[in-house]
Amino acid sequence: MLTSHFEQLADRLRKAQRITVLTGAGVSAASGVPTFRGDGGLWKNYKAEDLATPEAFNRDPRLVWEWYDWRRRLISTCKPNAAHVTLAGLNGRPGFTLITQNVDGLHERAGSQDIVRFHGSIWQLRCVDGCCEPWDDLTVPLPELPVKCPRCGALARPGVVWFGESIDEGVLRRATASLECDVFLSVGTSSLVYPAAGLVHAAKQHGAWAVEINPASTGAAAELDLVIAAPAEEALPKVMGMSG
Ligand code: BJW
């Protein structure tokens, strides 16, 4: 039964002119990057409102930076897995868009390009006063916390999207443009965090065939045409292998 699901998806992908893939934390789980929700998820041990909101950062920038510095160190020891590598293989295919909610940079390290980074990047920093353009900083551990802007000395912050913050306009525009697709594939996301979780619905309204790869049931269930209940690092190589 599962094999026929793989074949169905492979067949759709083979025939599709436009494919949009949305990834979430589950894609990096096999690399050792913790997910947010569920057993072992970050939100089991840490409160989002203490660490991933602008209010938390204003209250205690050092605490927030310590958490991000710990995550940067952890991620720096992780390597892309077969799911990242398989998606990187679609690089440059006309009509293909990769949207990721992940901030870990593992898609980039696997070779994916032109990624729509919906929630930013943990490897990008920016001045809270906006005196300069955001900059990349791969240093682990960061030498001084909280990090300061090298140009004006104000606080710097991680270039990620916290709860209550808007998605970058250019990012939202690119994501929205990709919703007019033949296949919308959601991989490794709980589909609980908006507006990312609304993308599958919007793609369906544009006539997309919507499919999910996730070992657990998610918030997108009602929207889906097909569910492949399997880990991304196993399912993606298998499906792409079948789609030729
Ligand atoms: C596997 C696997 C394997 C395991 N293979 N799978 C509409 C309705 C309700 C609420 C809202 C709404 N609109 C806005 C909101 C508020 C809020 C929100 O959505 N809250 C909900 C949680 C209730 N949204 C926002 O605040 C957003 N901003 C916004 O809407 O702006 C407008 C606005 C402006 C002003 C005021 C109010 C609104 C911003 C959301 C930003 C989210 N940020 C985070 C942190 C990023 C930085 C960081 O990493 O530190 O983004 S939270 C966290 O969740 C992170 C993730 O990208 C995001 C999604 O998580 P994801 O990827 O789905 O991970 P998990 O852990 O949830 O799921 C993992 C899945 O993998 C599971 O399903 C597993 O089964 C699966 N899995 N192993 C495949 N091997």
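From a predicted model like this one, the values you see are computed outputs, not experimental measurements. (Residues numbered from 1 in each chain as written. Predicted model: local features only at pLDDT ≥ 70, side-chain atom pairs only at ≥ 80, totals over all residues. Heavy atoms only, no water.)

Let us now look at unusual backbone geometry. Cis geometry is adopted by the peptide bond preceding proline 146, which originates at leucine 145 and carries an omega value of -5°. By secondary structure assignment, the location of proline 146 is in the loop between strand S5 (135–136) and strand S6 (156–160). In this structure, the amide linkage connecting tyrosine 194 to the following residue, proline 195, adopts the cis form with an omega of 5°. Along the chain, proline 195 turns up in the loop between strand S7 (183–187) and helix H10 (199–205). Here the phi dihedral of aspartate 114 falls at roughly 55°; this positive angle occurs in a residue that is not glycine. When you line up the elements, aspartate 114 lands in the loop between helix H8 (106–110) and strand S3 (116–117). Classification of aspartate 114 by relative accessible area gives exposed; the value is 65%. Unusually for a residue other than glycine, serine 191 sits at a positive phi of about 55°. Position of serine 191 among the secondary structure elements: in the loop between S7 and H10. (Helix = DSSP H or I, 4+ residues; strand = E, 2+ residues; numbered from the N terminus. Buried < 20%, exposed > 50% of the residue type's maximum accessible area, 1.4 Å probe, protein only.)

Let us now look at the domain arrangement of the protein chain. By the assigned domains, the protein chain splits into domain 1 (2–32 + 80–119 + 167–243) and domain 2 (34–77 + 120–160). Distance from the C-alpha centre of domain 1 to the C-alpha centre of domain 2: 26 Å. Taken together, the 15 residues of domain 1 in the interface contact 14 residues of domain 2. Between domain 1 and domain 2 we count 0 salt bridges in total. Along the contact surface separating domain 1 from domain 2 lie 3 residue pairs in polar contact (both at pLDDT 80 or more). By residue class, the composition of the side of domain 1 that touches domain 2 is 6 nonpolar, 6 polar and 3 charged. (Domains from an automatic or database assignment. Contact = heavy atoms within 4.5 Å. Salt bridge = Lys/Arg side-chain N within 4 Å of Asp/Glu carboxyl O. Polar contact = N/O pair within 3.5 Å; in protein donor to acceptor, adjacent residues only side chain to side chain. Nonpolar A, V, L, I, M, F, W, Y, C, P; charged D, E, K, R; others polar.)

A separate point is the side chain of threonine 23. Here threonine 23 shows up in strand S1 (residues 19–23). A polar contact of 2.9 Å, which involves the side chain of threonine 23, links it to the side chain of histidine 107. Beyond its immediate sequence surroundings of up to four residues, threonine 23 is in contact with Leu87, Leu98, Ile99, Thr100, Gln101, Asn102, His107 and Val187.

This part takes up the site of the ligand. Neighbouring the ligand are 32 residues, the closest being Arg37, Tyr68, Arg71, Glu165 and Ser190. One of the side-chain nitrogen or oxygen atoms of arginine 37 is found 2.6 Å away from an oxygen atom of the ligand. Taking tyrosine 194, its main chain carries an N or O atom lying 2.7 Å from an oxygen atom of the ligand. Those elements that place two or more of their residues in the shell around the ligand are helix H2 (26–29), helix H6 (61–76) and helix H11 (232–243). Its residues assigned to classes, the shell around the ligand shows 17 nonpolar, 11 polar and 4 charged. (Near = heavy atom within 4 Å.)

On to the sheet that holds S1. Spatially, S3-S2-S1-S7-S8-S9 is the arrangement adopted by the 6 strands of the open sheet, whose pairing is parallel. Bordering the open sheet on either side are S3 and strand S9 (226–228), each of which pairs with just one other strand. Strand direction decides the pairing type here: S1 and strand S2 (residues 96–100), joined by 5 bridges, are parallel. Pairing of valine 21 across the sheet is with leucine 98, part of S2. (Pairing = 2+ DSSP bridges.)

Leu9, Val21, Leu185, Val187, Ile213, Ile228 and Leu236 are the most contacted members of the largest nonpolar core, which has 28 residues in total. With residues up to four places along the chain from it excluded, the contact list for valine 21 reads Leu87, Phe96, Thr97, Leu98, Ile99, Leu185 and Val187. (Core = buried A, V, L, I, M, F, W, Y, C linked by side-chain atoms within 4.5 Å.)

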